Amino acid sequence: MKLLKDILYGAGLTAVNGSTDILVNEIQFDSRKVAMDDVFIAIKGTVTDGHLYIQKAVDLGAKAIVCEEFPELLVNGITYVQVQDGNTALAVMASNFYGNPSKNLKLVGVTGTNGKTTISSLLYQLFKKAGYKVGLLSTIKIMVDDEVHSTTHTTPDALTINKHLSFMNDAGVEYCFMEVSSHGIHQKRTKGLVFEGAIFTNLSHDHLDYHKTFAEYRDTKKILFDELPKTAFALTNIDDKNGNVMLQNTKARKLTYALKSYADYRGQVLEAQFSGQLIKVNDNEFWTKLIGHFNAYNLLAIYATADQLGLDNLEALRLMSELDNVDGRFQYYISETKITAIVDYAHTPDALKNVLETIGTLRTGNERVITVVGCGGDRDSSKRPVMGHIASEMSNQAIFTSDNPRSESPGAIIKDMEAGVEAHNVKKILSIENREQAIKAACQMASAQDIILVAGKGHETYQEANGKRIDFDDFKIVKEQLKGLNK
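Before going into details, it helps to say that this report is about the structure given with it. These figures come from a predicted structure and were not determined experimentally.

1. Some thoughts on the overall build of the protein chain
Within the protein chain one finds 16 helices and 26 strands. Computed over its C-alpha atoms, the radius of gyration of the protein chain comes to 24 Å, within 12% of the 23 Å expected for a compact globule of 487 residues. Projected onto its principal axes, the C-alpha coordinates of the protein chain cover approximately 75 × 50 × 40 Å. Looking at the protein chain as a whole, 55% of its 487 residues qualify as buried. A separation threshold of at least 6 residues defines the contact pool for the protein chain, and within that pool the share at least 24 residues apart is 64%.

2. Observations regarding the packing of helix H4 (residues 116-129) against helix H10 (residues 293-308)
Packing of H4 against H10 leaves a shortest axis separation of 10 Å and a crossing angle of 50°. Here H10 runs oblique to H4, going by the angle between their axes. In this structure, H4 crosses over H10, and the sense of that crossing is right-handed. Residues Thr118, Ile119, Leu122, Leu123, Leu126 and Phe127 of H4 pack against Asn295, Asn298, Ala301, Ile302, Thr305 and Ala306 of H10. Here the contact of H4 with H10 is composed, by residue class, of eight nonpolar, four polar and no charged.

3. Brief notes about the environment of Thr358
Position of Thr358 relative to the elements: it lies in helix H12 (residues 349-362). Other than its neighbours up to four places away in sequence, Thr358 contacts Ile291, Gly292, His293, Phe294 and Phe330.

4. Quick notes on the sheet that holds strand S20 (residues 340-344)
Strand pairing in a sheet is mediated by backbone hydrogen bonds. Such pairs are either parallel or antiparallel. One open sheet holds the six strands; their spatial order is S19-S20-S24-S21-S22-S23, and the pairing between them is mixed. At either end of the open sheet lies a strand with only one pairing partner, and these are strand S19 (331-334) and strand S23 (429-431). Mean inter-strand twist for the sheet, computed between neighbouring axes without regard to direction, equals 15°. Sheet topology note: the S19/S20 ladder contains four bridges and is antiparallel. Bridge pairing links Tyr333 to Ala341 in S20. Set on the sheet, H12 makes contact with S20, strand S21 (369-373) and strand S24 (451-455); between it and S24 the angle comes to about 165°.

5. Some details on the pattern of salt bridges
Scanning all chains against the criterion turns up 24 salt bridges. Note that Asp324 is salt-bridged to Lys289, the shortest N-O span being 2.7 Å. Of this pair, Asp324 sits in the loop between helix H11 (313-320) and S19 while Lys289 sits in the loop between strand S18 (284-288) and H10; the two residues are 35 residues apart in sequence, bridging distant segments of the chain. Among the salt bridges present, the one from Glu315 reaches Arg318, with a minimum N-O distance of 3.0 Å. Here Glu315 and its partner Arg318 are both found in helix H11, three residues apart, which amounts to about one turn of the helix. Among the residues examined, Arg318 registers a relative accessible area of 42% and is labelled partly exposed. Within this structure, Lys128, Lys133, Asp145 and Asp146 form a network of salt bridges that share partners.

6. Side note on helix H5 (residues 158-171)
For H5, which comprises 14 residues, the first-to-last C-alpha distance of 20 Å matches the rise-based estimate of 20 Å (1.5 Å per residue) to within 8%. At the N-terminal boundary of H5, the capping side chain belongs to Asp157, with an oxygen 3.0 Å from the backbone nitrogen of Leu159.

7. Details of the nonpolar core
In this structure, Leu126, Phe127, Ile199, Leu235 and Met320 are the most contacted members of the largest nonpolar core, which totals 41 residues. The residues contacting Leu126, other than those within four sequence positions of it, are Ile302, Ala306, Leu311, Ala316, Leu319, Met320 and Leu323. Judged by nonpolar contacts, the second largest core, of 28 residues, contains Ala346, Leu352, Val355 and Leu362.

8. Considering the side chain of His164
Tracing the sequence through the fold places His164 in helix H5. Excluding residues within four positions of it along the chain, His164 makes contact with Leu137, Ile142, Val144 and His149.

9. Digging into the side chain of Glu179
Here Glu179 is to be found in strand S12 (residues 175-179). We note that Glu179 is buried and unpaired, the nearest opposite charge coming from Lys116 at a distance of 4.9 Å. A distance of 2.8 Å separates the side chain of Glu179 from the side chain of Thr117, its partner in a polar contact.

10. A word on the environment of Thr79
Within the fold, Thr79 resides in strand S7 (residues 79-83). With 323 residues separating them in the primary sequence, Thr79 and Ser402 have C-alpha atoms 49 Å apart. Those residues in contact with Thr79 that sit more than four places away from it in its chain are Leu4, Val16, Asn17, Gly18, Ser19, Thr20, Ile22, Lys63, Ala64 and Ile65. Among the polar contacts made by the side chain of Thr79, one reaches the main-chain carbonyl oxygen of Ser19 at a distance of 2.6 Å.

Calculation criteria
- Residues numbered from 1 in each chain as written.
- Predicted model: local features only at pLDDT ≥ 70, side-chain atom pairs only at ≥ 80, totals over all residues.
- Heavy atoms only, no water.
- Helix = DSSP H or I, 4+ residues; strand = E, 2+ residues; numbered from the N terminus.
- Rg over C-alpha atoms; globule rule 2.2 N^0.38 Å.
- Buried < 20%, exposed > 50% of the residue type's maximum accessible area, 1.4 Å probe, protein only.
- Contact = heavy atoms within 4.5 Å.
- Axes fitted to C-alpha atoms, helices over the stretch in contact; angles between N-to-C directions.
- Parallel < 35°, antiparallel > 145°, perpendicular 65-115°, else oblique.
- Left-handed = near helix turned anticlockwise from the far one by under 90°.
- Nonpolar A, V, L, I, M, F, W, Y, C, P; charged D, E, K, R; others polar.
- Pairing = 2+ DSSP bridges.
- Salt bridge = Lys/Arg side-chain N within 4 Å of Asp/Glu carboxyl O.
- Expected span 1.5 Å × (residues − 1).
- Polar contact = N/O pair within 3.5 Å; in protein donor to acceptor, adjacent residues only side chain to side chain.
- Core = buried A, V, L, I, M, F, W, Y, C linked by side-chain atoms within 4.5 Å.
- Lys, Arg positive; Asp, Glu negative; His and termini not counted.

Have a look at this one:
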């Protein structure tokens, strides 16, 4: 148990009713999880308002309530604490509760539209290969050195973050690499964390259902850099037009990487093929199994970060040449009949374009590119026609299908995608709502040397529809289909 006054330090208190010199058991922001002697933090969320459940939390045994507005009824013996912002209070209190674990390791945050998972996961791989105890907080999983923990969000809630950072402290972890989403920043989940550095990858069309405008989306990302301490490093992709924006107000050490511009860390792709690419970084060359210009950017960011964290440059390059693809990121399989299937998480227009451009640089021109792609339901609908246009324009055949339709009609989502297809590309598209059938159709259409791209879900092993999750693995399905055709 912890003293309430200790975990409230820095949480932005505006008023207190009752004593803070009391012991509390756990912090909860979900009233359903409240148990005896817990402190309940009422959060104003996007779906519901935690203030509506204050009395329920008291009935379940909460000893203290933290809220932005005091309820009309104040129960005797319960401590009520008013704060300026519930999300900030939750993050700061979580950090205090677990002993400010981010201070005891070197935490690096990765933000941007595309590349967050790849960069954070490969940095984890790199530092493990270098012999360090390492942590990872990513979309795919949470790693406490060698121990795997499941995750459901790109940036978990503040309690989950700090709990796992605490586990990392216990395990002797020295470095932790963390994906930082715009949702996570906006909802203050990273408040109270001490970062050793932050990486900006790129910014393109995404999450405008949540942020409403591109400027708001960009400025939310920028907060991570604005709040870095002067002892940290701020690393940005200067080839992206928003790269310099991230550095405008930061107190941290400003560093840049690029393939096209002058930068602190400059890269050049010297050779590219399906088996990998040869990249020059500043004055040194190395071979990598990861292909595509987008991966060249990712590897530049990884090299720069390793350098800033003190890894020897040549050792870093040697280890980078051993790095393996991240699940669902340009993950490919070549069948016995020489059909290449690529599964990628590309779920934004920019990411889809990048993957198709990479395929374009690797093909001879004689083979066909068949793209299977969908768009998620209950998300930014304005990107659907754009993705429909890109898939139909840059492929020989495009099959529009379901992604995670959630509560929306798959057919309606596909109609939105079809709206972006220009007249001269209409004959190149086929719409099949059932994703497994769409993948099967692509495999049956393909001939030797053809390339099938299955885009959108990547590493995900489920499909969300009508409030349910069903098992669904793009890579497993396309591999099985192609193996079946072999027979």
